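What follows is each chain in one-letter form.
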Amino acid sequence: MTDFDLEAIRREIAPSGTLVCALNHGNVVLVRRGPTDETPAGVSVDLARSLAEKLSLPIRFRHYDKAGDVSASVGAGEWDVCFLAIDPQRAERIAYSEPYVQIEGAFLIRRAAGPLGLKDVDRLRLKIGAVRGSAYELFLSRQGGAGELIRFDSFPEAVAALTGGDLDGLAGVRQAMSIVARDQPDFAVMQEPFMAIPQAVGISADRPAAAAFTRAFVQEQKASGFVRRSLVQSGHADVVVPP
């Protein structure tokens, strides 16, 4: 990464002089809350801290409950760097690095329905809940395959509808679906994923030099084993780091 003018990159990536990093708490694989807003943990946090160190910048975190709120605020000056799933709709305004992890989108389905495959969800017109603006909701809205897709403003609202009997299942990150399944023994996570979800570092598309630096940074962090070590330390050794 010796070909970059670090002073110019610092000015473009963090105009305030502090690297403000948006964290999406809707993804349990990437981040978890800490005792304070400045002490979160997870692979996204480790990457954010490493990026700030590489640029010799102080860091501050801005916390969001769901991915849709992060992507909706691009260009508003709320953050400099984000950690989101790659999606073509978001990519109109966000310049992405290559993916640093890849996770799966999976359906949580009522056990009483029996052993179902992906095509059965659509065939039976199952009512599937998803968080509006999430990568998996955007994907299912474009591609179909979720029977009757019911959108919610938050994950707790979707879970409440499930436990209240208003849904046949949920769509989401496999790890999050597994957590719900532990508390809801009448439901199980479908083995076959409905999508792969590549997670990347994002920069507002109007900061091209910063985006190029971030792409090189992510490549370096993957090649060095940094991302893999972070996943192991955060309890997610099973998550794929794309080559």
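Residues numbered from 1 in each chain as written. Predicted model: local features only at pLDDT ≥ 70, side-chain atom pairs only at ≥ 80, totals over all residues. Heavy atoms only, no water.

A.B. asks: So what's going on with the pattern of salt bridges? Which residues, and what values?
C.D. replies: Using the criterion set out here, one finds 13 salt bridges in the structure. Between K222 and E98 there is a salt bridge, and its shortest N-O distance comes to 2.9 Å. Placement of K222 in helix α8 (residues 208–223) and of E98 in the loop between β4 (94–96) and β5 (101–110) is noted, with a sequence separation of 124 residues between them. Here R151 and E137 are joined by a salt bridge, their closest N and O atoms 2.7 Å apart. With R151 in strand β7 (residues 148–152) and E137 in helix α5 (residues 135–143), the pair connects residues that are 14 residues apart, well separated along the chain. On the basis of relative accessible area, R151 is assigned to the partly exposed category, the value being 35%. When its relative accessible area of 6% is taken as the criterion, E137 is described as buried. Salt bridges here are not isolated pairs; linked through shared partners, they connect E7, R10 and R11. (Salt bridge = Lys/Arg side-chain N within 4 Å of Asp/Glu carboxyl O. Helix = DSSP H or I, 4+ residues; strand = E, 2+ residues; numbered from the N terminus. Buried < 20%, exposed > 50% of the residue type's maximum accessible area, 1.4 Å probe, protein only.)

A.B. asks: Describe the packing of aromatic side chains, and please don't skip the residues or the numbers.
C.D. replies: Taken as a whole, this structure holds four aromatic pairs when the rule is applied. Taken together, the ring pairs in this structure connect F107, F139 and F194 into an aromatic cluster. (Phe/Tyr/Trp six-rings, centres within 6.5 Å; stacked < 30°, edge-to-face > 60°.)

A.B. asks: So, the UniProt feature "domain: Solute-binding protein family 3/N-terminal" (unreviewed entry) in the protein chain: which residues are in play, and what are the values?
C.D. replies: Mapped onto this numbering, the UniProt entry gives "domain: Solute-binding protein family 3/N-terminal" (unreviewed entry) at residues 18–238. The distance from the first to the last C-alpha atom of residues 18–238 is 33 Å, and the span holds 34% helix and 26% strand. (UniProt positions renumbered as here; feature names shortened; annotations may be inferred.)

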